[in-house]
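# Architecture at a glance
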Amino acid sequence: MGLAVQHVVNTLSTASGYALIGMSFWVVFRIGRFLDVCHALSYVTAPYVAYTMARSGAPVWLATLTGVSASVLVGLGSEQILFRHLRDKGASSLVLLLASFGAYVIGENALSIAYGDDPIPFPGTGGGCTMVILGAHFTSAQVWRLFACGAIAAGLGFLFSRTTWGTKYRAVSDNPQLATITGISHAMVIGQAYALAGAVAGIAGILAARDTFMDSAMGLQALLMGVVVVVVAGDHGIPGVLLSAAGVALFQFLGVTVTSSGWHNTTAFILLFLFMVCQALLKDGTGLFRSLSASN
Amino acid sequence: MNYALHILTLVAIFGVLSGSLNLVAGYTGFVSIAQAAVFGIGAYASAVLSLRLDCPFLVSSLLAMAGAATAGFALALPSFHIRGDVFVILTFAFQFAVAGVFNNWVAMTRGSVGLYGIPPAAIGPWVLTSRQDYAILAVCVLGATQWMIWRIVQSPFGRVLMSIRGDEMLT
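None of the values given here were measured: they were computed from a predicted structure. Along every chain, residues carry numbers that run from 1 in the direction the sequence is written. A letter from A marks each chain and a number from 1 marks each ligand, given out in the order of writing. Under the rules for a predicted model, residues below a pLDDT of 70 receive no local features and side-chain atom pairs below 80 are neither given nor counted, while totals for whole chains, interfaces and linings still include all residues. Values reported for side chains reflect all heavy atoms of the structure, with hydrogen atoms and water molecules removed beforehand.

### Looking at the overall build of chain B
For the purposes of this entry, the term helix denotes a DSSP run of H or I that reaches at least four residues, the term strand denotes a run of E that reaches at least two, and both are numbered from the N terminus. Looking only at helices and strands, chain B has seven helices and two strands in total. The secondary structure elements of chain B, listed N-terminal to C-terminal, are α-α-α-α-α-β-β-α-α. Principal-axis analysis of the C-alpha atoms gives chain B an extent of 50 × 35 × 30 Å. With 171 residues in all, chain B has 37% of them scored as buried. For chain B, the exposed area adds up to about 9500 Å²; of that, 72% sits on carbon and sulfur atoms. The centroid of the 7 positive side-chain charges in chain B is displaced by 5 Å from the centroid of its 5 negative side-chain charges. Here's how the labels work: a residue is buried when its accessible area is under 20% of the maximum for its type, exposed when over 50%, partly exposed in between, all with a 1.4 Å probe on protein chains only. Accessible surface is estimated by sampling points in the Shrake-Rupley manner with a 1.4 Å probe; for residues, cover comes only from the protein chains shown. Neither His nor the chain termini are counted; the positive set is Lys and Arg, and the negative set is Asp and Glu. In this description, the location of a charge corresponds to atom NZ of lysine, CZ of arginine, CG of aspartate or CD of glutamate.

### Section: the confidence of the model for chain A
Should the pLDDT be low somewhere, the predicted coordinates at that spot are not to be read in detail. Residue and element names in this part refer to chain A. How sure the predictor is of each residue is captured by pLDDT, a score from 0 to 100. The predicted model of chain A has a mean per-residue pLDDT of 86, with 93% of residues at 70 or higher. Helix α12 (residues 287-295) is the least confidently modelled element of chain A, averaging 47 in pLDDT, while helix α2 (residues 39-55) averages 94, the highest of any element. Contacts between residues were defined by any pair of non-hydrogen atoms, one from each residue, lying within 4.5 Å. Note on residues 291-296: pLDDT is under 50 here. Beyond four places in sequence and across chains, it has eleven contacts.

### Re the packing of helix α1 (residues 2-32) of chain A against helix α8 (residues 186-211) of chain A
All names here are of chain A. Comment: axis = line fitted to C-alpha atoms, over the contacting stretch for helices; angle = value between 0 and 180 degrees taken between N-to-C directions. The interhelical angle for the contact between α1 and α8, taken along N-to-C directions, is 165°, at an axis separation of 8 Å. Here α8 runs roughly antiparallel to α1, going by the angle between their axes. You can see that α1 and α8 cross each other, and the crossing is left-handed. Facing L20, I21, S24, V27, V28, I31 and G32 of α1, the residues of α8 in contact are V189, I190, A193, Y194, L196, A197, V200, A201, A204 and L207. Just so you know the grouping, Ala, Val, Leu, Ile, Met, Phe, Trp, Tyr, Cys and Pro go in nonpolar, Asp, Glu, Lys and Arg go in charged, and all remaining residues, Gly too, go in polar. By residue class, the composition of the contact of α1 with α8 is 15 nonpolar, two polar and no charged. In what follows, roughly perpendicular refers to angles from 65 to 115 degrees, roughly parallel to angles under 35, roughly antiparallel to angles over 145, and oblique to any angle outside these ranges. A clockwise turn of the near helix away from the far one marks a right-handed crossing, whereas an anticlockwise turn of less than a right angle marks a left-handed crossing.

### Considerations on the environment of F253 of chain A
All names here are of chain A. Within the secondary structure layout, F253 lies in helix α10 (residues 237-258). You can call F253 partly exposed: its relative accessible area is 26%. When the C-alpha atoms of F253 and W263 are compared, they prove to be 9.7 Å apart, with ten residues separating the residues in sequence. Once you skip the residues sitting within four places of it in the chain, F253 turns out to touch H7 and T11.

### A word on the nonpolar core
Take the buried residues of types Ala, Val, Leu, Ile, Met, Phe, Trp, Tyr and Cys, join any two whose side-chain atoms come within 4.5 Å, and each joined set is a nonpolar core. With 101 residues, the main nonpolar core has M23 and Y169 of chain A together with F94 of chain B as its most contacted residues. If you tally residues by element for this core, the top one is α8 of chain A, at 13 residues.

### Regarding α10 of chain A
Residues and elements named next belong to chain A. Between the first and last C-alpha of α10 there are 32 Å, a value that for 22 residues agrees with the 32 Å anticipated at 1.5 Å per step. By the burial criterion, the buried members of α10 are G237, I238, G240, V241, S244, A245, V248, A249, Q252 and G255. Taken around the axis of α10, the buried residues stretch over an arc of 165°, which confines them to a single face. Away from the buried face of α10 by more than 90 degrees, exposed residues P239, L243, T257 and V258 are located. Helix span, expected: 1.5 Å multiplied by one less than the number of residues in the helix. Regarding the arc, it is the one traced by the directions from the helix axis to the C-beta atoms.

### With respect to unusual backbone geometry
Excluding glycine, most residues fall at negative phi; most peptide bonds, likewise, are trans. Positive phi is not limited to glycine here, since R33 of chain A has a value of about 60°. Tracing the chain through its elements places R33 of chain A in the loop between α1 and α2. The residue D54 of chain B is not glycine, and still its phi comes out positive at about 55°. Counting through the fold element by element, D54 of chain B comes out in the loop between α2 (35-53) and α3 (57-76). Overall, the relative accessible area of 64% leaves D54 of chain B in the exposed class.

### Thoughts on the pattern of salt bridges
Residues and elements named next belong to chain A. Basic side-chain nitrogens of Lys or Arg form a salt bridge, by our definition, when they fall within 4 Å of a carboxyl oxygen of Asp or Glu. For the coordinates displayed, the defined rule picks out three salt bridges over all chains. A salt bridge links E79 to R87; its shortest N-O distance comes to 3.1 Å. R87 sits in the partly exposed class, given a relative accessible area of 23%. The salt bridge involving D211 is made with R145; its shortest N-O contact spans 3.0 Å. One end of the pair, D211, is in helix α8; the other, R145, is in helix α5 (residues 140-162), with 66 residues separating them in the sequence. For D211, a relative accessible area of 25% translates into the label partly exposed. With a relative accessible area of 11%, R145 lands in the buried category.

### Description of the interface of chain B and chain A
Interface extent is often summarised as the accessible area lost during association of the parts. If you look at the interface, chain B gives 21 residues, while chain A gives 26 residues. Buried area, as used here, totals the accessible surface that two parts lose on assembly, with accessibility defined by a 1.4 Å probe and the loss added over both. Both faces combined, the contact of chain B with chain A buries some 2100 Å², and carbon together with sulfur accounts for 79% of it. Between N or O atoms, a polar contact is any pair within 3.5 Å; within protein, one atom must be a potential hydrogen donor and the other a potential acceptor, and residues adjacent in sequence are included only when both atoms are from side chains. Inspection of the region where chain B meets chain A yields one residue pair in polar contact (both at pLDDT 80 or more). The leading source of residues in the side of chain B that touches chain A is helix α4 (residues 84-104) of chain B, at 14 residues. When its residues are assigned to classes, the side of chain B that touches chain A shows 15 nonpolar, four polar and two charged.

### Quick look at a nonpolar patch on the surface
Residue and element names in this part refer to chain B. Exposure above 30% relative accessible area and the absence of a salt bridge qualify a residue for a patch, where like charges join within 9 Å and nonpolar side chains (Val, Leu, Ile, Met, Phe, Trp, Tyr) within 5 Å. Residues Y3, I7, L10, V11, I13, F14 and F39 make up a contiguous nonpolar surface patch of about 640 Å² in total accessible area. With six residues, helix α1 (residues 2-27) is the single largest residue contributor to the nonpolar patch. Along the chain, V11 falls in helix α1.

Take a look at the structure:
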């Protein structure tokens, strides 16, 4: 009984991590309409900045806040300095993808030079057991991640469906030209979306670093899972991302159960590949991907 | 000198890979991240056939090419329905799935340790033992593949590929 509950807890914790990066990637992917690899930098910047602050004696809350602010700046900066100008010059989504990949490689290598390639434990934390329920052990990092996932999902759900900004975001995502004609500054909305996604990615990165450790390549690893989650979620918004994250984590758990832990990430990519092939062959693309195909 | 020959061999090998990517992405307009996976399938198939079944170099190479071509064809099937970013994501999923299989199927690929002790290549009486031999073979293969690609591009089939890049619907 205790082992089964522990598996459920671990799967839920994994799913909440995927959901966090999935939600942040969804925000930029829906409005940017390209595979923004540079988004991984927002994820990895926050824990490193927070680590630097904490090492210099700042309290954890201040270090976390500074880390998340740095991620916001990375997200906003990538849009304002790089993507906006390329978009204005009519660059295709493939050009944007390659540019984002180049920016990511520069950022990751800068971190690698500054902090080295070895995994670094986040200061002042650990996977200490905080509570035991039905024989399952909950660590503080797992509890924080589940809480953050629920709170951010609720916040984003409210923001996109109940606020004026959410309406503007959906308008720009669905039809930028029409949104501009109706007086919406699509450049400003895209910038704000990148800042928001940067904040969510930064929180996800810090929580992941608290749970295990951090290294300069963690951003890309996490983003890849975020891509899997968003693709599987299709055009079903934040609830779709949450369900997709749970499904991917469950599929991975089942895959690891019949194979070994080394197959953890591979099972997710096999799922993504099969899912996309089936979707392409059976339905000719649905939702978000049908509209993406049409725009290309 | 050995180092220079090693670099020359690598340049020739990656020149062959670049040529194949140019055919798919450059002439046809399908940006594929999975070309590295197809490259790996060919490499592993050839090495496994040589190591485990004692296949001669030419036979293992031909079978490996057939395996890689089959993988490429299977990957191309969904491209009838999807294009652009979605196809890039599909190839990206294929790339990471195949890389994961290479790393985790230890019984077949020896995982991250890799395959070693592969018998030296032999073409008839010519047994390739030195770096110079491998450099000569690699440069010859590079020349042959570039010539084949050039012939394909000049042929009616090549013009079809380029018209797909221009307007698939019209093609």
